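Summary of the model geometry
Residue strings, one per chain:
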Amino acid sequence: MSEWWTYRLDDFLLFSPRTYWRLFEAQNAALWPLPLATTAAGLAALLLILFRAPGASLGMGLVFGVVWAFVGYSFLLERYATINWAVAYLGPAFFIQALLMGGAALRAGALAFRRLDGVGVAGLTLALVALLVFPVLPLAAGRPFACAEVFGIAPDPTVIATIGVLLIVRGGWLAVLLPIPLLWCVFSGLTLLAMDETQAWLLLGAPALTFGLGVVRFGPRWVRRPEPRV
Amino acid sequence: MTITRRRLLETAALGAAMPLLPATRLFAQDAPLMRTIPASGEAIPAIGLGTWITFNVGDDRQLQAECTAVMAAFFAAGGRMIDSSPMYGSSQAVVGRGLATLDRRDAVFSAEKVWTTSAANGPAQIVQTRRLWGVDRFDLLQVHNLLGWEAHLDTLQAMKAAGRLRYTGITTSEGRRHDLVETIMRRHPIDFLQLSYNPVDRDAERRLLPLAAERGIAVIINRPFRQGALTRRLAREPLPDWAGAAGATSWAQLILGFILSHPAVTVAIPATTRVDHVRENLAAAGGVLPDRALRERIAAHIGAL
Ligand SMILES: NC(=O)c1ccc[n+]([C@@H]2O[C@H](COP(=O)([O-])OP(=O)(O)OC[C@H]3O[C@@H](n4cnc5c(N)ncnc54)[C@H](OP(=O)(O)O)[C@@H]3O)[C@@H](O)[C@H]2O)c1
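For clarity, every value in this text was computed on a predicted model and none was experimentally measured. (Residues numbered from 1 in each chain as written. Chains lettered and ligands numbered in written order. Predicted model: local features only at pLDDT ≥ 70, side-chain atom pairs only at ≥ 80, totals over all residues. Heavy atoms only, no water.)

Topic: the overall build of chain B
Looking only at helices and strands, one finds 12 helices and 10 strands in chain B. Across the 305 residues of chain B, 54% fall into the buried class. Sequence-distant contacts in chain B: of pairs separated by 6 or more residues, those separated by 24 or more amount to 76%. Accessible area of chain B: about 12,300 Å², with a carbon and sulfur share of 51%. (Helix = DSSP H or I, 4+ residues; strand = E, 2+ residues; numbered from the N terminus. Buried < 20%, exposed > 50% of the residue type's maximum accessible area, 1.4 Å probe, protein only. Contact = heavy atoms within 4.5 Å. Areas by Shrake-Rupley, 256 points an atom, 1.4 Å probe, with all protein chains shown as cover.)

Next up, the structure:
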C-alpha cells in the first residue's frame, strides 16, 4: 500500500457500527436458547479448572475446542465475513485454535492445574468478565440487549474467556495456545476502536494484561520476586 | 424518467427567474442537474450514489431492503450513476439485488472498479463483479486507488475497444498520489478520473481539475462530505441565511453546490443510508449554482466552523 502513513484506522473500517451490531442480534435470534447453554458450559469448564477436578483438562478441551470451531463457522464465516472480507482469512485460525485446544486437553501433561496464584486470579477475573459481563455490555453502551455478545456464540467473549483460562492453567502448550486468541484481540480491538466503541479497550487490554502477567510469571527474577532491600 | 431538452430549458428559466425560491421546491422529484461526459457528449445527472460502508450490509434482509429503498428514491429523483468496488464487502451484491428488485438495470449508469494487485486476476474479478450486479456490461470501470494501474488500464482499454465497456477511469481519494494521477492523465487515454473534493479538501483545484477540463476527462467526486464527518460537524451549526442564494436548503446541499459549481466536475457521488438524504442530495444545486465569490464564501465559512 503506497502512502500508508496517510491512512487512518477508520479508513479500514468497511461497515457501519449499526450493521456490525446487528450481526450479533441475528446470531442470537437464530441460535436462541443456545447462548444460555454455551454460557453454562463455559462456567462449568471454569469450575472444573478452578477445583482441579478429575477430567478438568478434558472438560476444558471439549468446551473450548467446540466453541472455537462453532464460532469460527457460525459467526466468522457465515456472518461476519459477509461484511468484512478480511474475516474470511481469519476463520480458519479459529479452526486451528479449536484443534489446538482439543489436542492440549487430550495430550497428557500438556496442561497442568495448580492452585490459583496472582496471575490465575487475574485470569479468573478475565474469564468471568467474558462469561458474565460481556452479555450485558449493550446495556451500558445504549445498544439493544438483543445484540449481546455471548461466550460460545460471539468471538470476543469466547476469545477473552480462553485467554482467562489459559492464564489460570500452566504447561508447555501455552506458547502455542495463546497466539491466536491474542492476535484476535488486537484485530477486534482495533476494529472496535475504529468504530469509537469504548469496549475496544477490553480487547486491547487483554493482550497487554497477558503480556504483563507473563512477565510476572516467567520474566526475570527481579520482576517475579523482588529481593528484600538490605 | 426521460429528461427532455425542453424540460431542462424550462427548469433553467424558472431557476433564473426565481433564484431565491428553495431549490428543493423547484426541483425535487424533477430533473436533476445534468452534466456532459466529455469523451462522448453523453448527458449524466450530476449527483450519483456511493456505496462504501452504507451498502455493505451482508445478508441482513432489513438493511438490504433499506438500501433498495435508497436506490428506488435515487432513481425516482432522476439519479443514474452508482459507484461501487470489490473492496466494499457485500455492497456490489446489495446493488445487484436492488437493481433486480427495482428492475432498473436499464436506468443505472454502472461505475465499478477493479481492485487487485495482480494483473492476471483483473479480468476474473471484473467477471465476478458483473455477475454480482447482474448487468451485461459496465458503463465505467475504474482502477481503484491506482492499484496495479498499468496492467489494469490495458485490460480496460482492450475491453472498451471490444465494445465490452463504455468508459475507462482511475480513482484516488483524500489527496493521495496526485503526481501519479497527473502523469496518467497526461499519458493515457482515460475517460474518467475519480478523486476527493469538497469545500475543505481543495487540493484537486490546483492541478488536476484544470487538467481534467483541458484534456476532456470527466471527473467524479468522492467523499463530498468527508465520509459524513463534515455533515455531522456542520449539523451543530446554523445554516447561513445566504445559503439560499447558492440554491441550498441544507449543509449537504451547500457542499454539493460548492462541488458542482466547479466547471470540471461531472458527478458527485455522496453515499447514504437514508431516503430523505438521497432526495436532498439529488435536489442539490437545482438550477442555482454558486458563482466564484459565493464559492469562496462557502469554503471560508465552512472552513472556519
Ligand atoms: N478511492 C476511491 O475510489 C474512493 C474513496 C472513497 C470513496 N469512494 C466512493 O465515493 C463515495 C462517497 O464517499 P464516502 O461514502 O466515503 O463519503 P461521503 O459521501 O462524503 O459521506 C457519506 C456519509 O454522508 C452522510 N450523508 C449523505 N447524505 C447526507 C445528507 N444529505 N445530509 C447529511 N448527511 C448525509 C451519510 O450518512 P447517512 O447514511 O446518515 O445519510 C454517510 O454517512 C463512496 O461511497 C464510494 O463509492 C471512492
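From this point, the discussion proceeds with the structure in view.
Looking at unusual backbone geometry
In the segment running from A:Trp32 into A:Pro33, the intervening peptide bond is cis, with an omega of 10 degrees. Positive phi outside glycine occurs at B:Glu174, with the angle close to 50 degrees. Within the secondary structure, B:Glu174 is located in the loop between β7 (165-171) and α7 (178-187). With phi around 50 degrees, B:Arg226 is a residue other than glycine that occupies positive phi space. Its location among the elements puts B:Arg226 in the loop between β9 (218-222) and α9 (229-234).

Considerations on the sheet that holds strand β6 (residues 138-143) of chain B
Residue and element names in this part refer to chain B. What the eight strands build is an open sheet, ordered β3-β4-β5-β6-β7-β8-β9-β10; its pairing is parallel. What marks the edges here is a single partner per strand, and that holds for β3 (49-50) and β10 (267-268). Pairing between β7 and strand β8 (residues 192-196): three bridges, direction parallel. The residue of β8 that forms the bridge with Ile170 is Leu193. Packed onto the sheet, helix α5 (residues 121-133) meets β4 (81-83), β5 (109-114) and β6 and runs at close to 145 degrees relative to β5. (Pairing = 2+ DSSP bridges. Axes fitted to C-alpha atoms, helices over the stretch in contact; angles between N-to-C directions.)

Some remarks on the packing of α7(B) against helix α8 (residues 208-215) of chain B
Residues and elements named next belong to chain B. One can describe the packing of α7 onto α8 by two numbers: an axis separation of 11 Å at closest approach and a directional angle of 10 degrees. For the element pair α7 / α8, the angle class is roughly parallel. Residue-level contacts link His178, Val181, Glu182, Met185 and Arg186 of α7 to Leu208, Leu211, Ala212 and Arg215 of α8. (Parallel < 35°, antiparallel > 145°, perpendicular 65-115°, else oblique.)

Details of the site of the ligand
Residue and element names in this part refer to chain B. Around the ligand, 30 residues are found, and the nearest of them are Asn145, Phe225, Thr272, Thr273 and His277. In this structure, Tyr88 approaches the ligand through a side-chain N or O atom, which is 3.4 Å from a nitrogen atom. In this structure, an oxygen atom belonging to the ligand sits 2.6 Å away from a main-chain N or O atom of Phe225. Contact with the protein chains covers 89% of the free accessible surface of the ligand, which is 890 Å². At three residues, the largest contribution of residues to the shell around the ligand is made by helix α11 (residues 275-282). Its residues assigned to classes, the shell around the ligand shows eight nonpolar, 16 polar and six charged. (Near = heavy atom within 4 Å. Polar contact = N/O pair within 3.5 Å; in protein donor to acceptor, adjacent residues only side chain to side chain. Nonpolar A, V, L, I, M, F, W, Y, C, P; charged D, E, K, R; others polar.)

Describing helix α3 (residues 61-76) of chain B
At 3.6 residues per turn, the α-helix brings residues three or four places apart onto the same side. With 16 residues, α3(B) should reach 22 Å at 1.5 Å per residue; the first-to-last C-alpha distance of 22 Å fits that figure. Those residues of α3(B) that fall on the buried side of the exposure criterion are B:Leu63, B:Gln64, B:Cys67, B:Thr68, B:Val70, B:Met71, B:Ala73, B:Phe74 and B:Phe75. Looking at the buried positions of α3(B), the neighbouring elements they touch are α1 (17-31) of chain A together with β3, β4, α4 (91-102) and α11 of chain B. Among the residues of α3(B), the N-terminal cap falls to B:Asp60, whose side-chain oxygen and the backbone nitrogen of B:Gln62 are separated by 3.2 Å. Taken from the residues just after α3(B), B:Gly78 is the one with a positive phi, measuring 95 degrees. (Expected span 1.5 Å × (residues − 1).)

Description of the confidence of the model for chain A
In the predicted model, chain A carries a mean pLDDT of 92, and 94% of its residues have values of at least 70. The spread of mean pLDDT over the elements of chain A runs between helix α11 (residues 221-224) of chain A, the lowest at 62, and α1(A), the highest at 98. (pLDDT = per-residue confidence, 0-100.)

What to know about the interface of chain A and chain B
Between chain A and chain B, the residue contacts involve 17 residues of the former and 19 residues of the latter. Put simply, chain A and chain B have four salt bridges between them. In this structure, the salt-bridge partner of B:Asp60 is A:Arg22, at a minimum N-O distance of 2.6 Å. Counting residues per element, the side of chain A that touches chain B draws most heavily on α1(A), at three residues. In terms of residue class, the side of chain A that touches chain B is made up of six nonpolar, five polar and six charged. (Salt bridge = Lys/Arg side-chain N within 4 Å of Asp/Glu carboxyl O.)

Overview of the nonpolar core
Residues B:Ile82, B:Ile170, B:Met185 and B:Ile259 are the most contacted members of the largest nonpolar core, which totals 74 residues. B:Ile259 has contacts with B:Tyr197, B:Asn198, B:Ile221, B:Pro224, B:Val265 and B:Ala268, leaving out every residue within four places of it along the chain. Residues A:Tyr80, A:Phe94, A:Val165 and A:Met195 belong to the second largest nonpolar core, which totals 66 residues. (Core = buried A, V, L, I, M, F, W, Y, C linked by side-chain atoms within 4.5 Å.)

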